[in-house]
Amino acid sequence: MSMNFVFDLALEGAAKRLCHAYWSYVSPSNYIAHLELLCYDHNMELDALFATLAKCQVYLDDVHCEYCGRPYQLDVPADVPYARRLDFWFCDGCISFSGGQLVLGR
């Protein structure tokens, strides 16, 4: 799985490692357990975990907008298998710019 991470400039090494650990999740059924383990390992509450994760953007290297080439931005780890199964994808900016014609034209 090839992902690019873009971090808030204020994030330090431990917070970056936390983001990498969060995105390493691959099990389809134990997401809550994964979150609880991350909170336990990093001695933090769930709200602090999500506040840290919000300072990190993750993109897939191998899925790009067919029009502009922008990489697919992930919201949660469950997006990874979904995005990789797409035959084609257009980013919201290109769909908006085209007035919806990019999606309708396919």
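Nothing here was measured: the structure is a model prediction, and the numbers come from that model.

Asks: Mind laying out the environment of L11, listing which residues take part and the relevant values?
Replies: Along the chain, L11 falls in the loop between β1 (3-7) and α1 (13-23). If we ignore the near neighbours within four places in the chain, the residues touching L11 are K16, C19, T52 and K55.

Asks: Please provide a residue-by-residue account of the pattern of salt bridges, values included.
Replies: Taken as a whole and judged by the stated rule, the model has one salt bridge. Across the pair D62 and R84 runs a salt bridge whose closest N-O atoms are separated by 2.8 Å. Of this pair, D62 sits in strand β2 (residues 56-64) while R84 is found in helix α4 (residues 79-84), placing the two residues 22 residues apart along the sequence. Accessibility expressed as a relative area gives 47% for D62, which makes it partly exposed. Classification of R84 by relative accessible area gives partly exposed; the value is 30%.

Asks: For the packing of aromatic side chains, give the residues involved together with the corresponding values.
Replies: Following the criterion strictly, the structure yields six aromatic pairs and no others. For the ring pair F5 and F7, a centre distance of 5.8 Å and an interplane angle of 10° mean the geometry is stacked. Between the aromatic rings of Y25 and Y31, the centroid separation amounts to 5.6 Å while the plane-to-plane angle is 75°, which identifies the pairing as edge-to-face. Using a relative accessible area of 13% as the deciding quantity, one classes Y25 as buried.

Asks: Provide a residue-level description of unusual backbone geometry, including the pertinent values.
Replies: The phi dihedral of N43 is positive, around 50°, even though this residue is not glycine. Secondary-structure assignment places N43 in the loop between α2 (31-41) and α3 (46-53). Given a relative accessible area of 72%, N43 falls into the exposed group.

The rules behind each value
Residues numbered from 1 in each chain as written. Predicted model: local features only at pLDDT ≥ 70, side-chain atom pairs only at ≥ 80, totals over all residues. Heavy atoms only, no water. Helix = DSSP H or I, 4+ residues; strand = E, 2+ residues; numbered from the N terminus. Contact = heavy atoms within 4.5 Å. Salt bridge = Lys/Arg side-chain N within 4 Å of Asp/Glu carboxyl O. Buried < 20%, exposed > 50% of the residue type's maximum accessible area, 1.4 Å probe, protein only. Phe/Tyr/Trp six-rings, centres within 6.5 Å; stacked < 30°, edge-to-face > 60°.

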